[in-house]
Every structure is written in structure tokens, then in C-alpha cells.
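Geometric and topological summary
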Amino acid sequence: MAEAYIVGAVRTPVGTRKGALAGSHSADLGAHVLRELVERTGVDPAAVEDVIMGCVNAMGPQAGDIARTAWLSAGLPESVPGVTIDRQCGSSQQALHFAAQGVMSGTQDLVVAAGVENMAMVPIDANRTMVKELGASPTRNKGWQDRYGDQEISQFRGAQLICEKWGIKRQELEEFALQSHQRAVTAIDEGRFTEQIAPVDGLEVDEGARRDTSLEKMAGLAPLREGWDVTAAVASQISVGAGALLVASEEAVRTHNLTPLARVHTLTVVGDDPVYMLTGPIPATQAALKRSGLSIDDIDAFEINEAFAPVVLAWARETGASLDKTNINGGAIALGHPLGATGAILATKLVYELRRTGGRYGLQSMCEGGGQANATIIERV
């Protein structure tokens, strides 16, 4: 099988709901990272064979195949097509998988994997809200109800169910959340993200990290529901951002004089319990390790999306992964989670973290709507 190399990776800073990027059009954010990716790699953009972009809420400013719109908005060749995909929060991680699979299959040589989401413009529940406004019912269909009944299906309930199943209490969640902010602040202050970020609209650093938060402040927040352990402090932030990676074959690396940053080593995607919804990274990680022949201890750095603190804590308990190697520059609790962009952003962070530390293997996974998860192992080269 042909090898697939990541030869470029770039992201915007992640903005907050009311921050510097809140008014930025999603297609312009996508265009920004695509243009930057082409400039940084020096590749002939006309040689790119496809642009695969993740976006969860493809409506309003994100409608109309934003992959294509963003590429054209960047002033790049009309001859290059684009496709937008939705695997919920893992959309742009799946974009990376599709790009790598195209190269590994030998049917493509240069593919862009990207993601974008402006949750300030298009809220997470925009699709359901639209359905209600049109007078249609957003309730579950008959087939779903026959299988799962009328029980609540939500990420919030899923997070609490994880707390109950794994015995994770509020204090542990808040300690993890505080560490996420502290690690993010350290990474920002030490300039660990500088090389991977393409400043946009005057923003140069991630906006979400809270320097003044504390366990005392977190303890003062009401739970999302009476009796729950989960609060807003232990959940990912509503965010704005974009990211893009260029995946190349060995032939493309030679032809275009590209410099590989990492090799795409192993790809997996799994389905899991849609009621718990957020537990997918556990079997996805296990499947990736089995397929790769690696052990959990072989992995030098993990990026596990912090949709909620219990997701990562339960994952670590089940897989045996060290939290000392997990999200060591902070995660989505501190840095934000712009839905369709997060997979590309995490992959970019992982590539640069392996380069910074000299680690060999990195593993990325994230929970996704419907009880799914992608897992990706990359190898620094």
C-alpha cells in the first residue's frame, strides 16, 4: 500500500463566541487556511486533486459546499473540486482519513483535508431550530423510537451518564478542567502554537484560555441539571476556527519538492452506544492500536477532544493511557471546539507537538454525534 504523508498543517487561532472571529464569514476563514497551506508548502495549487472539508452545520454562511466556496474565495484554481462532509464533531478528522485513503489507494497524489465552523454565526442547534420554525417536529423518527424509546438523547446527558458509569465526581472534573486551562496558558506563553497558527482578522492567539479561573470559581457554577456533576466549566467552549492539512503521496513529495512532517500510520472509525454518545474514543483507540500493532505505551502524545471532561477521564481509565501525555497543551475546555474544524486543528497540534518534543507516534480521537469516533495514529518523519 502506498504511504500518505502530511506535508503541511496550519490552523487559525480558535476564537470565542463573542471574540475577534465571531463576525468572520466561515468561507473566508476556510479560505484563509487554504491559502496559507498553499503558500507554506509551496505546492502548485492546480496539482491538488480534491479539497475535503468538514463542517457540521452546513447552512446559512456555511451552506453550498463550503469546501468549494472556501477554495474559490482563496483565489485558488477553479479546476480543483471540493466536497463538504459531516461526521459530526469528527468531520475534519474524517476529512483527513478520506484524504489519506485516497493517497494510500494510489488513486490520488495530493489532497487537502480541512475543516471550518463559526458557531457564533451558526449555533450548534441551528438545524433543530430551523425545523421548529418551519413547523415540523424535531422529535425522533419511529424506527429510532422503536429501538431506543423516548429517552433523552443529548451530549449533556451522555456526559453525565459517563460520570455515573465510571464513578467520576465533580471535583475530579473540575481539577481536569483547571489543568486544561493551565496547560493552554503555558503553551500560549511559551509560543508552542505560534508556528502552526495563521493569524486572521487581527487575532494571533487562541482566545479561550482563562488565566483567572480557579477551582473556587468552578465550584460556584450550577450543574447543567440538578443533581448532575457536569457544569459548563467542564465542557468545551462555543468557538470559531478553521484548519487545513495537505496529504501527499511519495511521488508527489518528490515531484513537488515537499517536506513530510508526519506519516499517516493508522486510521480507524467505529460506532458505539448512541445514548452514551461520547464513549466512542475508547473502542476507536483500542481498534487503532490493534490494527497498528502498537501498544498504548508506544504513543508519545495524545489529542483526545475535550468535549466534556468525563470523556477524556473515562477514556484514560479504559485504555490505560497516561494523562501526562494527553492534551499536554490544553484541550477544548480551554481552547475551544469549533465543531467541524476541530479534527483538523487537533491533527495540526499533534503534528507540531511531535516535532517540538521529538516524539515518534501521536494518536488523536474524538467523540462524535450518534455515538461514533475516529482514531488516527501519525508517525513523525
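Presented here is an overview of the structure given in this document.

Parameters and conventions
Residues numbered from 1 in each chain as written. Predicted model: local features only at pLDDT ≥ 70, side-chain atom pairs only at ≥ 80, totals over all residues. Heavy atoms only, no water. Buried < 20%, exposed > 50% of the residue type's maximum accessible area, 1.4 Å probe, protein only. Helix = DSSP H or I, 4+ residues; strand = E, 2+ residues; numbered from the N terminus. Pairing = 2+ DSSP bridges. Contact = heavy atoms within 4.5 Å. Salt bridge = Lys/Arg side-chain N within 4 Å of Asp/Glu carboxyl O.

We now examine the pairing of strand 1 (residues 5-11). Every regular strand shows the same layout, with side chains that alternate between the two sheet faces. Burial analysis of strand 1 places 7 of its 7 residues in the buried class, the great majority of the element. Bridge count between strand 1 and strand 6 (residues 239-248): 6 bridges; the pairing is antiparallel. Along strand 6, the bridge assignment pairs Ile6 with Val247. Bridging between strand 1 and strand 7 (residues 262-271) involves 2 bridges; their strand directions are antiparallel. Residue pairing for strand 7: Ile6 is matched across the bridge by Ala262.

Our next topic: the side chain of Arg263. Along the polypeptide, Arg263 turns up in strand 7. When neighbours within four sequence positions are excluded, Arg263 is seen to be in contact with Glu3, Ala4, Tyr5, Ile377, Ile378, Glu379 and Val381.

Attention shifts here to the pattern of salt bridges. A full pass over the atoms with the stated rule returns 14 salt bridges. One salt bridge connects Arg170 with Glu174, and the closest N-O pair in it is separated by 2.6 Å. Of the two residues, Arg170 and Glu174 both sit in helix 7 (residues 170-189), 4 residues apart, roughly one turn of that helix. For Glu353, the salt bridge identified is with Arg356, shortest N-O distance 2.8 Å. Linking Glu353 with Arg356, this pair stays in helix 13 (residues 342-357), spanning 3 residues, or about one helical turn.

All quantities given are derived from atomic positions and should not be read as evidence of function.
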